[in-house]
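Coordinates in review
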Amino acid sequence: MTKNNDSYGWVSPNDFPSNLKTSKRIINCMTQLPNEIVKTESGDWKVSTLRGSSALYASNKALHDESEWETHLVAWTGEIVSNFNKTKLFNDSKDDEFDKFDKDPLYLTENDKEEITSKIQESNKNDNIHPIWLLRKDQHRWRKYAENVLWPAFHYMINEPNDGKEETSWWYDYVKFNEAYAAKIKQIAKPGDIIWIHDYYLLLLPQLLRMELKDVYICHFLHIPFPSSEYFRCLPKRKILLDGMLGANQLGFQSYSFARHFISCCSRVNGYETTPTEVTVHSFTSKVVALPLGIDIKSLEKDAFKPEIEDKIKILKELNKDRKIIIGRDRLDSVRGVVQKLQAFELFLDIYPEWREKVVLIQVSFTPYYHSSKLEKKVNELISNINRKYSTINYQPVSHYNMRINKEEYFALLRVADLCLITSIRDGMNTTALEYIVCQKLKCSPLVLSEFSGTTSVLQDSIQVNPWDSVGVANAINESLLLSNEKKSFIENKLYKAVNKNSNKDWTCKVISNLMNFMATQTSSQGTPYLNKPLLLKSYETSSRRMFLFDYDGTLTPIVRDPNAAIPSIRLYDILEGLTKDPNNEVWIISGRDQAFLEKWIGSKYPEIGLSAEHGCFMKKAKKQEWINLTESLDMSWQTIVEEIFSKYNEKTPGTFTEKKKVALTWHYRKADPILGSYQAEKCKAELIEKLNDKYDVEVMSGKANLEVRPKFVNKGEIVKRLVKCNDPITQESKNMNELPDFVVCLGDDTTDEDMFRALNKIEDEWIEEKREINKHGSYGLYPITVGPANKVTVAKAYLNDPNQVLDTLGLLLGKVSLFETGGTVELDDRGHLKNSASSLLSKQNREDYLKSK
Ligand SMILES: O=P(O)(O)OC[C@H]1O[C@H](O[C@H]2O[C@H](CO)[C@@H](O)[C@H](O)[C@H]2O)[C@H](O)[C@@H](O)[C@@H]1O
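These figures come from a predicted structure and were not determined experimentally.

With respect to spatial proximity, 22 residues lie near the ligand, and among them Asp551, Val560, Lys661, Arg670 and Lys704 are the closest. Here tyrosine 552 contributes a backbone N or O atom positioned 3.2 Å from an oxygen atom of the ligand. In this structure, an oxygen atom belonging to the ligand sits 3.3 Å away from a main-chain N or O atom of arginine 561. Look at the ligand: alone it shows 570 Å² of surface, and the protein chains cover 99% of it. Looking at the shell around the ligand, the elements that each hand over two or more residues are β25 (665-668) and β27 (706-711). Split by residue class, the shell around the ligand holds six nonpolar, six polar and 10 charged.

Structure (structure tokens):
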């Protein structure tokens, strides 16, 4: 299918910054295809155009038809409707995992899928459409987490307290939904692609993609509001959701106030480093931008000013005689403020009697499938009241059309109106408001717009109201209807210019060019990615000589104020027990702690664990009693000098103390006043360096609210090197090829742990140089992983946020934790069952039986 070749005014792939690779392709990921798929009674597949989200689909279409970008669309099919069994497809019946009774015609053959795909491509005149098939019996399940949890919270509504069971099953489906997109995109993505993800159904997708794809540019755009951190923090999955979004290089919002809330959540909820326009997590920076969505003005003007519309306008005028027409068009859900609108309109007629019989409100509503009958009842009651109160024999103040009206009637209403009233209590972008402004370019009627709508960021010159202030809204209606023609056209002019300046095409171009400009400033599109846990799991399952090299404080246990209180949790013991039980696992703890601490809390309980104390000064092999001192022959006279300096600072700084180990000495200032503590630490460090550096072979290290001094001769990296490469870490006798580990997980949080990661990276480089064979997952199975905080510079290849996530990850390897708890990722079959799971296999069998029986 060919392009129009009207690339004028489009951002061009040739403008891509020269330091960046481009494939000249954009992969758009949307919640649903722009089509409805129906199986008719004759058994044919019918594909028709879906109503709604027109601005979004228009953006993809124009990119494909007019620009130089090769544009792809990845989207879910939506609920496939079978006319035989409509109710069944949409009912909420419990979907039993085994699909025992699932014999409905939703079983699609590969031929069915091909036929539907080609009909979709034909209907959109676009060959690059890639449907996502998720063919479970209860097709509605894929929407539930997004619509029952995210949507309300993002619109400042919190659900009733609940036991969380239902929400957990919705969450599993949400993860799977995102996962299905990731799997499809992985099949089609190429280096240099822009992957543009839309909206709140796909908040996990950016991170899922970043874990697996290299050299792609990911942007996400949220079409609904983003709430303040006080609301967002109520979501149990708040941290995973933010991390999911932060896999994107650029995050777009409808207005800066939404962007600001997002940034504040990143810093308040996840503790990340932020600026007013950026969030940085493990050296990876996401740009946060406010780019309000625009509409397709050209095609709207063409449609809204067609001759057929004039006839409809005439009829509307005749019906309403010389009365002023106020128009409202809203989805009937709790955030559109229809109740507030009706209350304000009633008040308007109460306090401005001169307008009675002279003004009508034509309210067009459509009830979404998730409608609340309570709301519908309230709206109907209010309308009856107003009409009862103010109707006359030839006048009815409110006409309510609760239906989807056709396009022509909609445009006629927007054009004939004397006022448009939008009182939403929260929305992202109200396209009715934008369309109204375009339709009013000749008549210039005013727009009264809620200040809680994201649309105000574009329509700054509209007459803005607080929908909660009925008197204020009533007054605004009166004043707007009394505006002089001159004033009206002055305002309309400004508003029209604002809408025109931000067309759908402008919005599309701005999202892309902002992303490109930002990427040009970044040295790498990657940063340190979040740990790819499914890959780690696969690698674990297919390896047989595994090593686990753990730092202790801040990695296996959270940092606490008192070093003596940082003792292992029951959960940690349970995990260490599981790991050591497997004869294929060798476990080491490589810590700054002294022997006594490690012996007491680890060695005495798990003699199978090897221990390294005081940053490599001492070692104790698994199942051995004796500790080996690697620093035996060294001069230790520096200890007295260090102790003296530390005690001087202890006296000067309340709350500080010295931890004296056998070799290393640590000065702790966590309990001191934070500002004084850091200040004294800097001075103390300088003094130590001055007194020690030339004379002794020791290192002064800044740790977590501490200063440590230990011999330079050994460090944690040296220990890692010996453990991985040698049969005996003391004699350093090398391992044979077939003795080398095929899986090494090395976890640490502190600067001293970077030595371990560096050592592991060096081993990997050597193995690459030696052209050693890689495993079937494309690596040597070496995993240097850093554990928060997010702002540190690291040489690790992946990150986890905190010790809790460390235990989750280890629990995953031991089969104690589900992948869903960790935010993905899982492989699915085309029905959304876990691939190769019992339910997937049974479902497949049922499908085959069903097809045979036909
Ligand atoms: O190598 P590690 O196992 O990470 O040990 C490093 C140091 O950890 C301990 O201090 C740190 O953790 C304490 C408990 O959470 C905390 O109170 C303190 O502020 C941290 O600096 C330990 O006391 C040191 O001996 C270790 O060298």
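Picking up after the structure, the text goes on.
Bringing the nonpolar core into the picture now. Residues Tyr181, Phe226 and Phe262 are the most contacted members of the largest nonpolar core, which totals 258 residues. Broken down by element, this core gets its largest block of residues, 10 residues, from helix α5 (residues 165-188). Contacts of phenylalanine 262, omitting those with residues within four sequence positions, involve Phe226, Leu242, Met245, Leu246, Leu251, Phe253, Val279 and Val288.

Relative to the assigned elements, asparagine 128 resides in the loop between α3 (110-124) and β6 (129-132). From its side chain, asparagine 128 meets the backbone oxygen of threonine 71 in a polar contact 3.3 Å long. Residues within four places of asparagine 128 in sequence aside, it is in contact with His64, Glu70, Thr71, His72 and Leu73.

It is worth spelling out the confidence of the model for the chain at this point. Of the residues in the chain, 93% have a pLDDT of 70 or more, and the chain-wide mean is 89. Long-range and interchain partners of residues 85-105, a stretch whose pLDDT sits below 50, account for 51 contacts in this model, where long-range means more than four residues apart. ipTM for the predicted complex: 0.96, alongside a pTM of 0.75.

This next bit is on the packing of helix α12 (residues 338-351) against helix α16 (residues 470-481). Between α12 and α16, the least distance of the axes is 8 Å, while the angle of their chain directions is 65°. Here α12 lies roughly perpendicular to α16, going by the angle between them. Here α12 and α16 pass one another in a crossing that is right-handed. Contacts between α12 and α16 involve Ala344, Leu347, Phe348 and Ile351 on the former and, on the latter, Ser470, Val471, Val473, Ala474, Asn475, Ile477, Asn478 and Leu481. For the contact of α12 with α16, the residue count by class is nine nonpolar, three polar and no charged.

Here we come to the sheet that holds strand β26 (residues 698-702). Hydrogen bonds between backbone groups are what pair the strands of a sheet, and the pairing can be parallel or antiparallel. What the four strands build is an open sheet, ordered β24-β25-β27-β26; its pairing is antiparallel. Strands with a single pairing partner mark the edges of an open sheet, and in this sheet they are β24 (657-660) and β26. On average, each strand axis in the sheet is inclined to that of its neighbour by 15°, with strand direction left out of account. Relative to β27, β25 is paired through four bridges, and the arrangement is antiparallel. In the strand pairing of β27, threonine 666 is matched with glutamate 708. Helix-sheet contacts for helix α22 (residues 638-652) involve β24, β25, β26 and β27, and the interaxial angle to β25 is about 10°.

If you walk through the whole model with that rule in mind, you get 34 aromatic pairs. One aromatic cluster is present, formed by Trp76, Phe177, Tyr181, Tyr200 and Tyr201 through successive ring pairs. Against the face of phenylalanine 284 rests arginine 210, its NZ or CZ located 3.6 Å from the ring centre. Geometry around tyrosine 410 places arginine 329 over its ring, the cationic atom sitting 4.0 Å from the centre.

In the structure shown here, the tally under the stated rule is six cavities of 30 Å³ or more. In this structure, the largest cavity encloses a volume near 380 Å³. Around the largest cavity, the lining comprises 26 residues; the ones closest to its centre are Asp553, Ile559, Arg593, His668 and Asn706. Elements that contribute at least two residues to the lining of the largest cavity include exactly β24, β25 and β27.

Here the focus is the sheet that holds strand β14 (residues 359-366). Spatially, six strands are ordered β15-β14-β13-β16-β17-β18 in an open sheet, and the strand pairing comes out parallel. A strand with exactly one partner marks an edge of an open sheet, and here the two such strands are β15 (398-402) and β18 (463-465). Averaged over all pairs of adjacent strands, the angle between their axes in this sheet comes to 20°, without regard to strand direction. The pairing of strand β17 (residues 447-450) with β18 spans three bridges and is classified as parallel. Paired with serine 450 across the bridge in β18 is valine 465. With respect to the sheet, α12 is in contact with β13 (324-331), β14, β15 and β16 (419-422), its orientation differing from that of β14 by roughly 170°.

Procedures and definitions
Residues numbered from 1 in each chain as written. Predicted model: local features only at pLDDT ≥ 70, side-chain atom pairs only at ≥ 80, totals over all residues. Heavy atoms only, no water. Near = heavy atom within 4 Å. Polar contact = N/O pair within 3.5 Å; in protein donor to acceptor, adjacent residues only side chain to side chain. Areas by Shrake-Rupley, 256 points an atom, 1.4 Å probe, with all protein chains shown as cover. Helix = DSSP H or I, 4+ residues; strand = E, 2+ residues; numbered from the N terminus. Nonpolar A, V, L, I, M, F, W, Y, C, P; charged D, E, K, R; others polar. Core = buried A, V, L, I, M, F, W, Y, C linked by side-chain atoms within 4.5 Å. Buried < 20%, exposed > 50% of the residue type's maximum accessible area, 1.4 Å probe, protein only. Contact = heavy atoms within 4.5 Å. pLDDT = per-residue confidence, 0-100. Axes fitted to C-alpha atoms, helices over the stretch in contact; angles between N-to-C directions. Parallel < 35°, antiparallel > 145°, perpendicular 65-115°, else oblique. Left-handed = near helix turned anticlockwise from the far one by under 90°. Pairing = 2+ DSSP bridges. Phe/Tyr/Trp six-rings, centres within 6.5 Å; stacked < 30°, edge-to-face > 60°. Lys NZ or Arg CZ within 6 Å of the ring centre and 35° of its normal. 1 Å grid on protein atoms, 1.4 Å probe; cavity = no way out; pocket = protein on both sides within 12 Å on 5 of 7 lines; lining within 4 Å. Points joined across faces, edges and corners; volume = space filled by probe spheres on them.

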